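One letter stands for each residue in the lines below.
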Number of protein chains: 2
Amino acid sequence: VTGEIRTVAIVGLGLIGGSLARDLAAAGVRVLAHDRDLGAVEDAMRAGVVAEALPEDMAGIEAADALVIALPVDAVAPWLGSHAPRISRIPLIMDTGSTKTSIVAAAERVGIGRCFVGAHPLAGDHRSGWGASRQGLFADAPVYLSPTVGTGPDALGRARRLWEMVGARIVEMDAGEHDRRLAWTSHLPQAVSTVLARVLAEAGISPGELGTGGAGMVRLAESSPEMWSGIFQENAADVGAALTKMEVALGALRDSVVRGDRAALREGLAAAREWRVGGPGAPVDG
Amino acid sequence: VTGEIRTVAIVGLGLIGGSLARDLAAAGVRVLAHDRDLGAVEDAMRAGVVAEALPEDMAGIEAADALVIALPVDAVAPWLGSHAPRISRIPLIMDTGSTKTSIVAAAERVGIGRCFVGAHPLAGDHRSGWGASRQGLFADAPVYLSPTVGTGPDALGRARRLWEMVGARIVEMDAGEHDRRLAWTSHLPQAVSTVLARVLAEAGISPGELGTGGAGMVRLAESSPEMWSGIFQENAADVGAALTKMEVALGALRDSVVRGDRAALREGLAAAREWRVGGPGAPVDG
């Protein structure tokens with residue numbers, strides 16, 4: 001069958017790459033893998049997830065039907081630049097990062113636009129690394145697919161099939177639109193959790209003093225600093241705009257609190273509640 | 001035995017009052033209860049949790065060894081004002097609200113300071129009402145006890161025993177100190193979740209578009225608007241100060257994002273992470 005997926009190379013066996021390797025191996029796919037942490041690769045081979053380790057220079061990667069680069073967002077473009085000649089004949093190349101614009105542009109720039117599809121599975125949580133990876137992570141999770149200007153139908157078809165194999169729900173979305181939306185749905189919540197944790201730390205509060213609700217608000221603060229500083233940098237304009245809106249809205253609430261405006265407080269809380277429970281105030285999915 | 005707890009009156013069968021009624025009934029205590037929602041009282045009687053319904057004028061409440069007023073914070077002082085003569089002989093009277101200063105002051109004002117202990121179990125979540133109540137809610141949860149200037153040792157001893165019966169961990173704390181601390185550990189996280197939900201709603205995002213992490217950040221936005229507008233109003237000065245710190249810290253993060261200052265971003269994320277995981281950057285519990 002044209003476009004079959006029998007051998008997949010995965011670079012980076014963290015939460016996303018590792019979980020993808022587990023699901024693909026469970027589906028009968030032969031997984032080749034590289035990680036700078038050799039222990040992770042050894043663990044994955046012992047677990048029967050990875051069939052073959054790829055060396056630093058990626059010799060042997062040409063055998064893959066698909067390549068998934070599961071590295072922090074700012075590591076993807078340099079990796080593509082270094083390895084473009086060797087990977088240019090692989091029929092499908094994807095990344096898995098939380099920003100898409102600059103990565104899709106880098107793929108076009110190094111001449112692999114035809115076989116490249118930017119991918120972003122909205123899965124995972126505050127944990128990271130091979131130790132956090134697990135089978136079934138992508139079941140029913142959305143995966144955003146952002147093609148380049150020149151992505152071929154064969155590459156896009158393979159990309160859809162690969163993510164369908166692991167149970168993800170495919171959402172095709174232009175890279176720019178993806179980054180604008182994810183600034184709200186993912187990057188802003190992460191930033192807010194981090195900032196809340198810092199503010200509590202400065203106030204001398206320890207995490208153990210928080211109730212269930214408060215503890216849930218700082219869970220994301222445990223996320224990987226390396227990964228997230230890259231995401232914020234890559235999506236600076238959109239994240240900056242979202243943060244500004246958050247500051248303004250916090251200021252408005254503070255104003256109601258300080259003025260003792262009970263009606264405004266009740267109204268603001270009720271509007272938030274209605275949105276969250278999908279009541280009449282909930283916006284239609286745009 | 002002096003100070004035994006055999007009959008407890010509970011006013012308000014919501015998440016807190018209802019759960020307390022369930023635990024006490026399970027421990028063999030006779031529970032008398034009132035709720036403006038007669039259906040909740042009927043359900044609680046059918047469930048064998050409430051032995052007797054108290055009428056609007058609270059006739060019969062004098063039989064209780066302890067009275068727990070589990071109403072929204074701003075409803076407690078008016079309730080005490082209306083019912084002070086009838087309840088003045090009950091050996092222990094407590095509320096369960098998230099703010100303590102004004103409630104403790106109200107108890108002193110109406111002349112029941114000797115038998116009054118302000119109580120705040122840090123339990124529950126975004127849910128509310130009798131339907132959300134459950135047995136075991138207070139197991140291992142902190143309960144803050146704030147005495148009045150004149151709370152007698154008998155009342156305080158009873159309060160400790162009552163909360164120990166339901167498995168709570170007792171933390172005695174002056175009412176003012178309680179409100180200053182809770183502004184950070186509980187009221188600020190609630191405010192931030194509400195504001196984040198409103199910002200996402202305004203950006204046209206629907207709750208279903210959020211990943212696991214983002215969804216966890218807006219869960220508290222589902223909390224009762226009536227209850228929380230009262231808490232924000234009662235603790236306006238401390239909550240206002242906490243919100244100001246949050247705005248300033250968000251502005252600092254935005255500044256790092258917009259300047260593309262990777263080192264500052266990484267450092268801020270790492271500091272938040274260390275605090276959350278209890279690493280070397282974690283403050284000592286004050």
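Residues numbered from 1 in each chain as written. Chains lettered and ligands numbered in written order. Predicted model: local features only at pLDDT ≥ 70, side-chain atom pairs only at ≥ 80, totals over all residues. Heavy atoms only, no water.

Participant: Teacher, can you tell me more about the relation of the copies chain B and chain A here?
Facilitator: Superposition of the two copies of the chain requires a rotation about an axis and a shift along the axis. The operation relating chain B to chain A is a screw motion whose rotation component is 180°, with 0.0 Å of axial translation and a residual RMSD of 0.0 Å. The operation mapping one copy onto its partner corresponds to a two-fold rotation axis. When the interface residues of chain B are mapped onto chain A, 100% of them again fall at the interface, so both copies present the same face. (Least-squares fit on C-alpha atoms with pLDDT ≥ 70 in both. Contact = heavy atoms within 4.5 Å.)

Participant: Would you explain helix 4 (residues 101–109) of chain A in this entry?
Facilitator: Along an α-helix, a turn takes 3.6 residues, which lines up residues three or four apart on a common side. All names here are of chain A. All of the buried residues in helix 4 are Ile 103, Val 104, Ala 106 and Ala 107. Looking straight down helix 4, one finds that the buried residues subtend no more than 155° of arc, so they occupy a single side. The inward-facing, buried residues of helix 4 abut helix 3 (73–87), strand 5 (93–95), strand 6 (116–121), strand 7 (142–147) and helix 6 (175–202). At the C-terminal side of helix 4, Gly 111 shows a positive phi close to 85°. (Buried < 20%, exposed > 50% of the residue type's maximum accessible area, 1.4 Å probe, protein only. Helix = DSSP H or I, 4+ residues; strand = E, 2+ residues; numbered from the N terminus. Arc of directions from axis to C-beta.)

Participant: Mind showing me how you'd approach the sheet that holds strand 6 (residues 116–121) of chain B here?
Facilitator: By way of backbone hydrogen bonds, the strands of a sheet pair with one another, either parallel or antiparallel. All names here are of chain B. Pairing within the open sheet is mixed, and its eight strands lie in the order 3-2-1-4-5-6-7-8. Each of the sheet's edge strands pairs with one partner strand only, and the pair in question is strand 3 (52–53) and strand 8 (169–172). As judged from the five bridges shared by strand 1 (residues 7–11) and strand 2 (residues 30–34), these two strands associate in the parallel manner. The residue bridging Thr 7 from the neighbouring strand is Arg 30, located in strand 2. Helix 6 (residues 175–202) rests against strand 6 and strand 7 (142–147) of the sheet, and its axis sits at about 145° to strand 7. (Pairing = 2+ DSSP bridges. Axes fitted to C-alpha atoms, helices over the stretch in contact; angles between N-to-C directions.)

Participant: Could you clarify how one ought to interpret the interface of chain B and chain A in this entry?
Facilitator: Accessible area lost upon the coming together of the parts serves often as the stated size of an interface. The partner chain A presents 81 residues to the 81 residues of chain B that form the contact. Summed over both sides, the interface between chain B and chain A buries roughly 7,500 Å², with carbon and sulfur atoms accounting for 69% of that surface. Three residues stand out in chain B for area buried against chain A, namely Arg 262, Trp 275 and Arg 276 of chain B, and they jointly supply 11% of the buried area on that side. Here chain B and chain A share 12 salt bridges between them. (Buried area = accessible area lost by both parts, 1.4 Å probe. Salt bridge = Lys/Arg side-chain N within 4 Å of Asp/Glu carboxyl O.)

Participant: I tried to follow the sheet that holds strand 4 (residues 66–69) of chain A on my own but got confused; where do I start?
Facilitator: Residue and element names in this part refer to chain A. Here we have eight strands laid out as an open sheet, ordered 3-2-1-4-5-6-7-8, and mixed in their pairing. This sheet does not close on itself; its edge strands, each paired only once, are strand 3 (52–53) and strand 8 (169–172). In the sheet, strand 2 (residues 30–34) pairs with strand 3 via two bridges, with the strands oriented parallel. Within strand 3, the residue paired with Leu 32 across the bridge is Glu 52.

Participant: For this particular structure, what's the right way to read the pattern of salt bridges?
Facilitator: Opposite charge on two side chains allows them to pair when their charged atoms are near. On inspection of all chains with the given rule, the structure shows 42 salt bridges over all chains. Note that Arg 254 of chain A and Glu 247 of chain B form a salt bridge whose closest N and O atoms lie 2.4 Å from each other. Of the two residues, Arg 254 of chain A sits in helix 9 (residues 236–259) while Glu 247 of chain B sits in helix 9 (residues 236–259), which places them in two different chains. A residue is classified by how much of its surface remains accessible, and Arg 254 of chain A, at 25% relative accessible area, is partly exposed. Residues joined in a network through salt bridges with shared partners are Asp 74 and Glu 226 of chain A together with Arg 262 and Arg 266 of chain B.

Without other data, these values stay purely geometric and don't point to any function.
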